[in-house]
Every structure is written in structure tokens, then in C-alpha cells.
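Observations on the model geometry
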Amino acid sequence: MAGCLLTACGGGTSPTGTASPAPSRLPTATATPTAPPTPSPTPQATLAGCPAPVALGRLAVLHQFSTDADDVAVDSAGNIWVSSPNAGRIDELAADGTSIASFADPNEPEGLVPMPDGDVVVAEQALNRLDVLVPSTGVLTPLLTVPNSTGNVGVDDIALSSDGADILVPDSPSGRLLEIPVGGGAPTVLASGLGRPVDAGQLPDGAIVVAAESNPGLVEVAGGATQAVGSLTDLDEAIPDQGLVYVTDLGTDEVLAVDPASGASRVLVTGLPSPQGLVALPDGSLLLVDSTREVIVTLPPCA
């Protein structure tokens, strides 16, 4: 910031020859710019702030399906996308759960990633492939085919990286975590030896948590290294949000919140015959899909 310049002023001589005191000339005050306020850090949730466990039957049903509803995602407009692999269908719902559209997909659609332009990237389990769904036409176009020489069941869930530039692809049959640019291109292998990875999400520090239908069930991937988080097994979803990771446990039929730093966890929902889809909404609440009950419900997060 530039400083104020002070000008020296001398006394003058009056017409009568009598000295007059020089008028006082003070420096003009300059306003000091005010620094913008520092944004407050986003409050982080803790396990101590988790609500008491609740049974599935006590949660509000947002939508009742007639299909094997599985994975769920939310687009930038707040609309909800749900896949039903056995029924070969993808549904678009409004935020209040009312139906908007339904799209046929015979290739066992699983994971969904809505894009900013309105298209939706779909994980096709039957083909071990990623397709792009254009909702205005219902047309599916291949984006990436992942070779599967194992005979194991194909890809499951997929996720967007935190910066929106890449898609995280758990290569379920081969036990790897891949990353591809959203516009397509050759995949990068981020980790291998993950058992059967089925979902992934990125933490604020850049590390990626991977849910696996194997042991360990939750793994952190950072810098090419992997490390188990806690002692959970047989998980289906891993959703980082506000400092915690929310997971669906297929072995115990529960939804849990996990502290990624310690691996400790708290049970949030019980009595789930088939907890499959899970997503965090901008307002902090969670949407949960149970495939057997064919419902999508809302539940409160930890504070």
C-alpha cells in the first residue's frame, strides 16, 4: 500500500511586514483497504454427532419402485437418477420423488454419473463398459470398454473426481481402480489388488476411498499406495461427505458412518435386506436405495 506524501510548508510575509503564522497543512487521510473476510471452514461432521440408529421401516419413503432399484445419483438440477440392472431401466425422478422419465437399458445399468451438460455416464455391468446416456434422445453411446478376461461380474458403481475432470472406475472383475477423463481416453490404473472394488469417492486431501465386496471392505488409495480403513468387509457404497465416509454394508444389512482417519464407525440404519445405492445431497441429507424393498428413502447425516 502506498504511503502518504507530506509537503513541507514555509511561512510567508504580510504586506505590513508583520510575520503571520503559516496555515496548518495536515496530510489528507487515506482509507486503508479492508481485507476481505476469511471464509469460515466448512464444519466437519464427527461420529459423536451421528443420530441414533434407525430401522429402514421408520425412514420416509421418497419413491416406491416396481423394479430392483440399485445405484443412485443426483444431477446439478437436483434430479435423482436410479438404475435397475435386472429390469434394464434407468429412472429420472424430481427432487420430491415424482417420476420424470424412464430409459430402457438392456445391459444391466449400475453406477451413474450425471454430467454438467445433462448427459449421464452409465456403468454397464453386462458389458464391463461405460456408456453415455443422452436423456433428450434416450440413446446410449459407448465411452470406455474395460477388458474382462476373468469371467467375474462386471463393473458396478462409478464416481466423479472431486474436481470434476475424471471418472473413477472400480474395475470390479479385475480388482483395480481406474481413472479416465470425462471426455473419454485411455484409463490410468490408480491401484490394483483390491479384491472386488465396487465404488469409490475422493476425500478433500485427494486420497480416494474404495468400497469392496471383499476383505478389506474399505481401502484408502493415495499416491499409488493402499491402506485398509477399519475392519469392515463386504461393502457396496463409499460416499465421502463433511469429513466422514458413509457406507452400505451388505454383510450386516446396515448403513454406517466411518471416520477415515481412525477407521471407527457408527451404525445409522438397520434392517436393510439389500442396501445398494447411497448419495449425499447438497443440504447434507442422504438418499438410500434398498433393492429388495424397491424403495428410496431419506436419512439424516451425522453433524
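Residues numbered from 1 in each chain as written. Predicted model: local features only at pLDDT ≥ 70, side-chain atom pairs only at ≥ 80, totals over all residues. Heavy atoms only, no water.

**Describing the overall build of the protein chain**
- The number of helices and strands found in the protein chain is zero helices and 25 strands.
- Classification of the 303 residues of the protein chain by burial places 46% in the buried group.
- In the protein chain, once contacts between residues fewer than 6 apart in sequence are set aside, the share between residues at least 24 apart is 41%.
- Just so you have it, the protein chain exposes about 14300 Å², and 54% of that area is on carbon and sulfur atoms. (Helix = DSSP H or I, 4+ residues; strand = E, 2+ residues; numbered from the N terminus. Buried < 20%, exposed > 50% of the residue type's maximum accessible area, 1.4 Å probe, protein only. Contact = heavy atoms within 4.5 Å. Areas by Shrake-Rupley, 256 points an atom, 1.4 Å probe, with all protein chains shown as cover.)

**Quick look at the nonpolar core**
- Among the nonpolar cores identified, the biggest contains 21 residues, and Tyr-246, Ala-257, Leu-268, Val-269, Leu-288 and Cys-302 are the most heavily contacted of them.
- Residue assignment for this core shows that the elements contributing at least two residues are β20 (244-249), β21 (254-258), β22 (265-270), β24 (286-290) and β25 (295-299).
- No other element matches the three residues that β25 contributes to this core.
- When neighbours within four sequence positions are excluded, Cys-302 is seen to be in contact with Ala-45, Thr-46, Gly-49, Cys-50, Pro-51, Leu-244, Tyr-246, Ala-257 and Leu-268.
- Within the second largest apolar cluster, 14 residues are counted, among which are Met-115, Leu-144, Ile-167 and Ile-180. (Core = buried A, V, L, I, M, F, W, Y, C linked by side-chain atoms within 4.5 Å.)

**Describing the sheet that holds strand β18 (residues 225-228)**
- In spatial order, the strands read β15-β16-β17-β18; together these four strands make up an open sheet with antiparallel pairing. With one partner strand each, in any of the chains shown, β15 (197-202) and β18 form the two edges of the open sheet. Going across the sheet, the axis of each strand differs from the next one's by a mean of 25°, ignoring polarity.
- Here strand β16 (residues 208-212) runs beside strand β17 (residues 218-222); their pairing, made up of four bridges, is antiparallel. Paired with Ala-211 across the bridge in β17 is Leu-218. (Pairing = 2+ DSSP bridges. Axes fitted to C-alpha atoms, helices over the stretch in contact; angles between N-to-C directions.)

**Brief notes about the pattern of salt bridges**
- Under the criterion given, the structure shown has four salt bridges.
- The shortest N-O distance in the salt bridge between Glu-213 and Arg-196 comes to 3.1 Å. Highlighted residues: Glu-213 in the loop between β16 and β17 and Arg-196 in the loop between β14 (188-191) and β15, separated in sequence by 17 residues.
- Glu-213 sits in the partly exposed class, given a relative accessible area of 28%. (Salt bridge = Lys/Arg side-chain N within 4 Å of Asp/Glu carboxyl O.)

**Here we look at the packing of aromatic side chains**
- Under the counting rule described, the total for this entry stands at one aromatic pair.
- Aromatic pair Trp-81 and Phe-103: ring centres 5.8 Å apart, planes at 20°, arrangement stacked. Here Trp-81, found in strand β4 (residues 80-84), pairs with Phe-103, found in strand β6 (residues 99-104); they are 22 residues apart in sequence, far enough to count as distant. As far as burial versus exposure is concerned, Trp-81 and Phe-103 are alike and both buried. (Phe/Tyr/Trp six-rings, centres within 6.5 Å; stacked < 30°, edge-to-face > 60°.)

**Some words on the confidence of the model for the protein chain**
- For the protein chain, per-residue confidence averages 90 on the pLDDT scale, and residues scoring 70 or more make up 86% of the total.
- Low confidence marks residues 1-33, where pLDDT is under 50. Its contacts with residues over four positions away, or in another chain, come to 11 contacts. (pLDDT = per-residue confidence, 0-100.)

**Focus: the pairing of β6**
- Sheet analysis places strand β5 (residues 89-93) next to β6, joined by five bridges and oriented antiparallel. In the sheet register, Glu-92 faces β6, and the bridge partner there is Ala-101.
- Counting the residues that bridge the hairpin from β5 to β6 gives five residues, and of these Gly-97 lies at a positive phi of roughly 95°.

**Describing the sheet that holds strand β2 (residues 61-64)**
- The four strands lie next to each other as β2-β25-β24-β23, forming an open sheet whose pairing is antiparallel. A strand with exactly one partner marks an edge of an open sheet, and here the two such strands are β2 and β23 (275-280). Adjacent strand axes in the sheet meet at a mean angle of 20°, parallel and antiparallel pairs treated alike.
- Of the pairings in the sheet, the one linking β2 to β25 comprises three bridges and is antiparallel in character. Within β25, the position partnered with Gln-64 by the bridge is Val-295.

**Details of unusual backbone geometry**
- In this structure, Pro-216 follows Asn-215 across a cis peptide bond, with omega equal to 0°.
- Within the secondary structure layout, Pro-216 lies in the loop between β16 and β17.
- Even without a glycine there, the phi angle at Gln-242 is positive, about 55°.
- With respect to the secondary-structure elements, Gln-242 resides in the loop between β19 (235-241) and β20.
- Phi at Asp-253 takes a positive value of approximately 60°, unusual for a residue other than glycine.
- Looking at the secondary structure, you find Asp-253 in the loop between β20 and β21.

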